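# A look at the structure
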Amino acid sequence: MTKHFTLSDFDFTLPEELIAQHPAAQRSASRLLDGREDLTVDRRFTELPGLLQPGDLLVFNDTKVVKARLFGQKASGGKLELLIERVLSPHADEGHEVAAHMKVSKKPLPGAVMQMDGGFTATLLGRWPEESGPLYRFRLSSDPYALMARHGHVPLPPYITHTDSADDEQRYQTVFAKNPGAVAAPTAALHFDEAVLAELEARGVQRASVTLHVGAGTFQPVKAENIADHTMHFERFEVPLATREAIAACKARGGRVVAVGTTTVRALESHAKFGPECNDTNIFITPGFEFAVVDLLLTNFHLPKSTLMMLVSAFSGYEHIMALYRHAIAGRYRFFSYGDAMLLARKTPLAGA
């Protein structure tokens, strides 16, 4: 009989000192918990190439984090913080509109003009994506990407307590980031450096990429005890034709598709489930989900009671994941975005296999 999971099933106690506040000195210097089998093995991330086989396919998320946190003030002088979740109209003839989270003591009314740090303005147009939507629609006074690059701050996760620095600007970004649009990094990919990538290539492990622009919703806690009542946030994604062809070739030769990060899993499994016409996904992967593409998953350690805890439990089995987390806490692994990684194997056969 299939277990009925509740939110409390995905809770665990994490000592605060295990929440990594800064990255490892070198990207690939982090630890790697090898959880592919029941027997857990403590490794270093530099061992990853030796754990993969010639003909395997690593799929990365090539999204680029933008400096999406902007500060300013209302006409009354009250402080204001915007976190731009999505650029809606990046071109000059389209109005420079964005959808953003707004942190302010008293919400201004539509039509209000905010004076932002850096000398530009943000005009509130209303809620987004509908009148009662969770985000706010703003019109900026010039190109959103240029303004963020010049005046924005790195949108570090809420559990990282320091103000963003030049080091964060470099390290909270993957070495292959290409397509701007994310407000959170695909953190499992932060461990890769040029040396590890070169070793993987020399071993015959192939590479492909998807783009999924990670939204701030990835940090929002699940509040419904009945997880079926949770409403997932939407994220834009693309699985290019070249990647689809690389996956088909990998499967044909008996190779394994290795997803680097839960964002890559979401993109690949959304494409498989909903088809190429889907480019905005709110897929909610919980135990019982039938995977269609991914064989191995490289991922960081996730927040208690999070949708990502549910995803990895769906992938590798709930009891196995909880045992891995107990091992990681006892072994003083570093958690969350700047923390260590683990390698997981899919527990159940692929759908249709």
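Residues take numbers from 1 onward in each chain, read along the sequence in its written order. Given that this is a predicted model, residues contribute local features only at a pLDDT of at least 70 and side-chain atom pairs are listed and counted only at 80 or more, while totals for whole chains, interfaces and linings are drawn from all residues. As a rule here, side-chain values cover all heavy atoms of the structure and leave hydrogens and water aside.

### Comments concerning the overall build of the protein chain
The condition is simple: A run of H or I in DSSP counts as a helix once it spans at least four residues, and a run of E counts as a strand once it spans at least two, with each numbered from the N terminus. Only the C-alpha atoms count toward the radius of gyration. The rule for a globule is 2.2 Å times the residue count to the power 0.38. Burial classes follow relative accessibility: with a 1.4 Å probe on protein chains only, a residue under 20% of its type's maximum area counts as buried, one over 50% as exposed, and anything between as partly exposed. Only heavy atoms enter the contact rule, under which two residues are in contact if any of them lie within 4.5 Å. Surface exposure here means Shrake-Rupley accessible area, sampled with a 1.4 Å probe, where a residue is shielded only by the protein chains that are shown. The charged-residue count follows a simple rule in which Lys and Arg add positive charge and Asp and Glu add negative charge, with His and chain termini not counted at all. All charge positions are set by atom: Lys at NZ, Arg at CZ, Asp at CG, Glu at CD.
If you tally the helices and strands in the protein chain, you get eight helices and 17 strands. Since a compact globule built from 353 residues should have a radius of gyration of about 20 Å, the 21 Å found for the protein chain is in line with a globular shape. In terms of overall dimensions, the protein chain has a C-alpha envelope of 60 × 40 × 40 Å along the principal axes. Each of the 353 residues in the protein chain was classed as buried or not, and the buried ones make up 55%. Taking the intrachain contacts of the protein chain between residues at least 6 apart in sequence as the baseline, contacts between residues at least 24 apart amount to 71%. For the protein chain, the computed accessible surface area is about 15,700 Å², with 51% contributed by carbon and sulfur atoms. Mean positive and mean negative side-chain charge positions of the protein chain (37 and 40 charges, respectively) differ by 3 Å.

### Points about the environment of Ala267
Tracing the backbone shows Ala267 in helix H6 (residues 262-274). Here the alpha-carbon distance between Ala267 and Glu16, two residues 251 residues apart in the chain, equals 31 Å.

### Side note on helix H4 (residues 194-203)
One turn of an α-helix holds 3.6 residues; hence residues three or four places apart share an orientation. Note the following rule: Directions from the helix axis toward the C-beta atoms define the arc.
Within H4, burial applies to Val196, Leu197 and Leu200. On an axial view of H4, the arc spanned by its buried residues comes to 100°, and they lie on one face. Set apart from the buried face of H4 by more than 90 degrees, the exposed residues are Glu194, Ala195, Glu201 and Ala202. Packed against the buried residues of H4 are helix H1 (48-51), strand S3 (57-61) and strand S12 (206-212). Following H4 by one or two positions, Gly204 adopts a phi angle in the positive range, close to 90°.

### Points about unusual backbone geometry
Cis geometry marks the peptide bond from Trp128 to Pro129; its omega dihedral reads 5°. Positive phi outside glycine occurs at His96, with the angle close to 55°. Take His96: it is sitting in the loop between strand S6 (79-87) and strand S7 (97-104). On the basis of relative accessible area, His96 is assigned to the buried category, the value being 12%. For Lys305, which is not glycine, the phi torsion reads 60° and is therefore positive. Judged by its relative accessible area of 30%, Lys305 is partly exposed.

### Notes on the packing of aromatic side chains
Quick note on the threshold: For this analysis, a ring pair means two rings from Phe, Tyr or Trp (six-membered ring only for Trp) whose centres lie within 6.5 Å, classed as stacked if their planes differ by under 30 degrees, edge-to-face if by over 60, and tilted for the remaining angles. Consider the ring centre and the ring normal. A charge sits over the ring if Lys NZ or Arg CZ is within 6 Å of that centre and within 35 degrees of that normal.
Under the criterion given, the structure shown has 18 aromatic pairs. Members of the aromatic cluster, connected to one another through ring pairs, are Phe12, Tyr159, Phe219, Phe301, Tyr325, Tyr333, Phe335 and Phe336. We note Arg31 situated over the ring of Tyr333; from NZ or CZ to the ring centre the distance is 3.7 Å.

### Considerations on the pairing of strand S1 (residues 31-34)
Within a regular strand, side chains alternate between the sheet's two faces. For clarity, the cut-off: Strand pairing is defined by DSSP finding a minimum of two bridges between the two strands.
Inspection of the sheet shows S1 paired to strand S2 (residues 41-44) by four bridges, in the antiparallel sense. Note that in S2 the partner of Leu33 across the bridge is Asp42. Connecting S1 to the next strand, S2, in antiparallel fashion are six residues.

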